[in-house]
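One letter stands for each residue in the lines below.
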Amino acid sequence: MARLVIVSNRVADPRKPSAGGLAVALGDALKPRGGLWFGWSGHIAEPGQADQLHVQQAGPVTLATVDLTQDDHDGYYLGYSNGVLWPVFHYRLDLADLDAGYVGSYRRVNQLFARQLQTLLRPDDIIWVHDYHLIPLALELRALGCAQRIGFFLHIPMPPPLLLAAIPQAEWLVRCLCAYHLVGFQSQADLLHFGRYIVAEVGAQPLGGQRWRAFGRRVEAGCFPIGIDVDEFAGLTHAPEACEMYERMRHTYAGHRILLGVERLDYSKGLPQRVKAFAKLLRNHPEHIGSTTLIQIASPSREALGSYTDLRQQLESLTGALNGDYGELDWVPVRYMHRNVARRRLPGLYRLARVALVTPLRDGMNLVAKEFIAAQDPADPGVLVLSRFAGAAEQLKEALLVNPYDTDGTSETMQQALQMPLHERQRRHQLLLEHIRAHDVHWWRRTYLDALMATQEDDRALAPSPKG
Ligand code: ADQ
């Protein structure tokens, strides 16, 4: 059987308990046939040591990593990946650093990855590349003569054509995507945007289904919504750490109803809008004063970027003002924590919450929504309030869908969720649980890899360099 090679910006040791759901799932994909996981080590190289490859064995899985120089880390990771691609792909042109010249580092690191990975490849390997950091990797591998089957999965949204077109290297990025055998997206909306771009901007010829002829070759794409490992998460929910968390918080918040938000502190997640909607809820429905609490956990993320420090200040100022306006001596409306919660304890919090607020302004999928569903007690489940702009909204139709830009609408939906009768909570939860179980992370991985194996071979001509 062919060996699977996974490439992602970061590599996780699948044996370690701290690894998240995606890391566990990718590790599981590698285990049965043995495989290779390649990416950045997470370390900055000592001067002169940048090209070293670190290889270690984790059971049947080989982990291979490279270090980056400080300059390349700043240009590739902070600069182009998170200062250009992340904001534009999340529809935030206003936050994108489009003309800072980061693309050189981005391409250089992808070339470094390709050179190092090539030394480890076998002719019949299947290669699966993940996410926006590594869009050019297939093209760079092809330039080195690699002929293996290579697939790509984009974890973040694909923007509409005219937004993507604002990136000076947009056409090069799309050419790079077309060097893969299969490009996977989270949602039908993303797939549609990709198809529209290559037809409208590149003149691709539709071949039927999700296939086109573009840049002189065949391109195939598909929608593969990522799931979670429902059984693993349900197991965590009943493990001692989560139970202890649940009991402790239940005691602390006895008699209170909890609205919960959990995410990285990122401007795509709609945190200020959420706090404003909660303030409206308290203003319009004062019966919640003293009895309803928003617990907002936002883990530190990309703190070297100014847009993230600005967001932190904005959020702290909004929560401070809200607590000042509405707080009482024995009650605080918003409990805001800027830190991580251990993965094993998180299900206890999810279970405590009457309502989960998953209200991003834009999100590829959003796994928190699915984790919340998996952690609920089916006899007394909480309610999921979900942004229609999360990829998950295409699937989770029984959630209460909101437009997070509409503060009044969101606050009224919070009220609806808080008042939802038990039988309706149970009905919605049962349907949501069935859905995430049928479309779990193992389904995602199998469906994607089957589609990758079914793509037809083609002449994959090489593309020119980016401008800028
Ligand atoms: P993220 O933007 O990171 O992922 P998400 O899908 O919600 O968003 O996954 C976050 C993960 O981190 C979840 O497993 C969650 O439990 C965990 N997490 C978040 N905040 C935490 C905290 N404070 N403490 C502990 N754990 C926390 C990107 C895309 C998404 C896409 C995923 C997977 O942006 O749209 O769903 O990849 O493809």
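Everything numeric here is computed off the predicted structure, so don't read it as measured data. Starting from 1, residues in each chain are numbered consecutively following that chain's sequence as written. Reporting of local features is limited, given that this is a predicted model, to residues whose pLDDT is at least 70; pairs of side-chain atoms are given and counted only at 80 or more, and all residues count toward the totals for whole chains, interfaces and linings. Side-chain numbers here rest on the full set of heavy atoms in the structure, without hydrogens or water.

**Topic: the sheet that holds strand β1 (residues 4–10)**
Logical step 1: Note on pairing: two strands pair once DSSP finds at least 2 bridges between them. Helix and strand definitions here come from DSSP, where helices need a minimum of 4 consecutive H or I residues and strands a minimum of 2 consecutive E residues; each element is numbered from the N-terminal end. On the basis of which strands lie adjacent, the open sheet formed by ten strands has the order β3-β4-β2-β1-β5-β6-β7-β10-β9-β8 and mixed pairing. Where the open sheet ends on each side, the last strands, each with one partner, are β3 (53–58) and β8 (205–208). Taking each pair of neighbouring strands and ignoring which way they run, the sheet shows an average axis angle of 25°. Every axis in this analysis is a line fitted to C-alpha atoms, fitted for helices over the stretch in contact. Angles between the N-to-C directions lie between 0 and 180 degrees.

**What about the site of the ligand?**
Logical step 1: Taken together, 23 residues surround the ligand, and among them His 155, Asp 363, Met 365, Leu 367 and Glu 371 come closest.
Logical step 2: N or O atoms within 3.5 Å of each other form a polar contact, as long as, within protein, one can give a hydrogen and the other can take it, and as long as residues adjacent in sequence are counted only when both atoms are side-chain atoms. One of the side-chain nitrogen or oxygen atoms of Asp 363 is found 2.6 Å away from an oxygen atom of the ligand.
Logical step 3: Measuring from an oxygen atom of the ligand, one finds a side-chain N or O atom of Glu 371 at 2.6 Å.
Logical step 4: Listing elements by their share of the shell around the ligand, those giving two or more residues are β11 (257–264), β12 (292–299), α12 (346–352) and α13 (367–375). Near is defined per residue: the residue qualifies when any heavy atom it owns lies within 4 Å of the molecule or strand.

**A closer look at the environment of Glu 394**
Logical step 1: Summarising the element assignment, Glu 394 is placed in the loop between β15 (383–387) and β16 (400–402).
Logical step 2: Three exposure classes are used, based on accessible area relative to the maximum for each residue type with a 1.4 Å probe and protein chains only: buried under 20%, partly exposed in between, and exposed over 50%. Look at Glu 394 and you get partly exposed, because its relative accessible area is 33%.
Logical step 3: Spatially, the C-alpha atoms of Glu 394 and Leu 259 are 23 Å apart, while their sequence positions differ by 135 residues.
Logical step 4: The contact criterion used is simple: two residues touch if any of their non-hydrogen atoms lie within 4.5 Å. Discounting chain neighbours no more than four positions away, the residues touching Glu 394 are Ser 187, Gln 188 and Ala 189.
Logical step 5: Separated by 2.8 Å, the side chain of Glu 394 and the backbone nitrogen of Gln 188 make a polar contact.

**Thoughts on the pairing of strand β4 (residues 61–68)**
Logical step 1: Most of β4 is tucked away, with eight of its eight residues classed as buried.
Logical step 2: Relative to β4, strand β2 (residues 35–44) runs parallel, the two sharing seven bridges. Bridging across to β4, Phe 38 finds its partner in Ala 64.
Logical step 3: Judged from the six bridges that link them, β3 and β4 form a sheet pairing that is antiparallel. Across the sheet, the residue bridging to Val 55 is Ala 64, located in β4.
Logical step 4: Where β3 hands over to β4, the hairpin turn is made up of two residues, of which Gly 59 adopts a positive phi near 60°.

**Some remarks on the domain arrangement of the protein chain**
Logical step 1: An automatic or database domain assignment is the source of the domain bounds shown. Domain annotation for the protein chain reports domain 1 (4–227 + 443–454) and domain 2 (230–438).
Logical step 2: Put simply, the middle of domain 1 and the middle of domain 2, counted by C-alpha atoms, are 30 Å apart.
Logical step 3: Contacts between domain 1 and domain 2 engage 27 residues on the former and 21 residues on the latter.
Logical step 4: Put simply, buried area is how much 1.4 Å-probe accessible surface two parts lose in total, over both of them, once they are put together. Together domain 1 and domain 2 conceal approximately 1900 Å² of surface at their shared face, both sides included; 61% is due to carbon and sulfur atoms.

**Considering the pattern of salt bridges**
Logical step 1: What makes a salt bridge here is a side-chain nitrogen of Lys or Arg within 4 Å of a carboxyl oxygen of Asp or Glu, nothing more. Under the definition given, this model contains 24 salt bridges.
Logical step 2: Here Arg 218 ties to Glu 220 by a salt bridge, and the two come within 3.6 Å at their closest N and O atoms.
Logical step 3: The partner of Arg 437 in a salt bridge is Asp 231, and the shortest N-O contact between them spans 2.7 Å. Taken as a pair, Arg 437 in helix α15 (residues 422–438) and Asp 231 in helix α8 (residues 230–237) lie far apart in primary sequence, 206 residues in all.
Logical step 4: The structure contains a network of salt bridges with shared partners spanning Arg 211, Arg 218 and Glu 220.

**Looking at the sheet that holds β12**
Logical step 1: The parallel open sheet is built from six strands, whose spatial order is β13-β12-β11-β14-β15-β16. Looking along the sheet, the strands with just one partner apiece sit at the ends: β13 (334–337) and β16. Direction aside, neighbouring strands of the sheet carry axes that sit 20° apart on average.
Logical step 2: Here β11 runs beside β12; their pairing, made up of eight bridges, is parallel. Paired with Val 262 across the strands is Ile 297, a residue of β12.

**Quick word on the pairing of β1**
Logical step 1: β1 sits mainly inside the fold: six of its seven residues count as buried.
Logical step 2: Of the strand pairs in this sheet, β1 and strand β5 (residues 126–130) are connected by four bridges, and their pairing is parallel. Bridge pairing in β5 links Val 7 to Val 129.
Logical step 3: Sheet topology note: the β1/β2 ladder contains five bridges and is parallel. In the sheet register, Arg 10 faces β2, and the bridge partner there is Trp 40.

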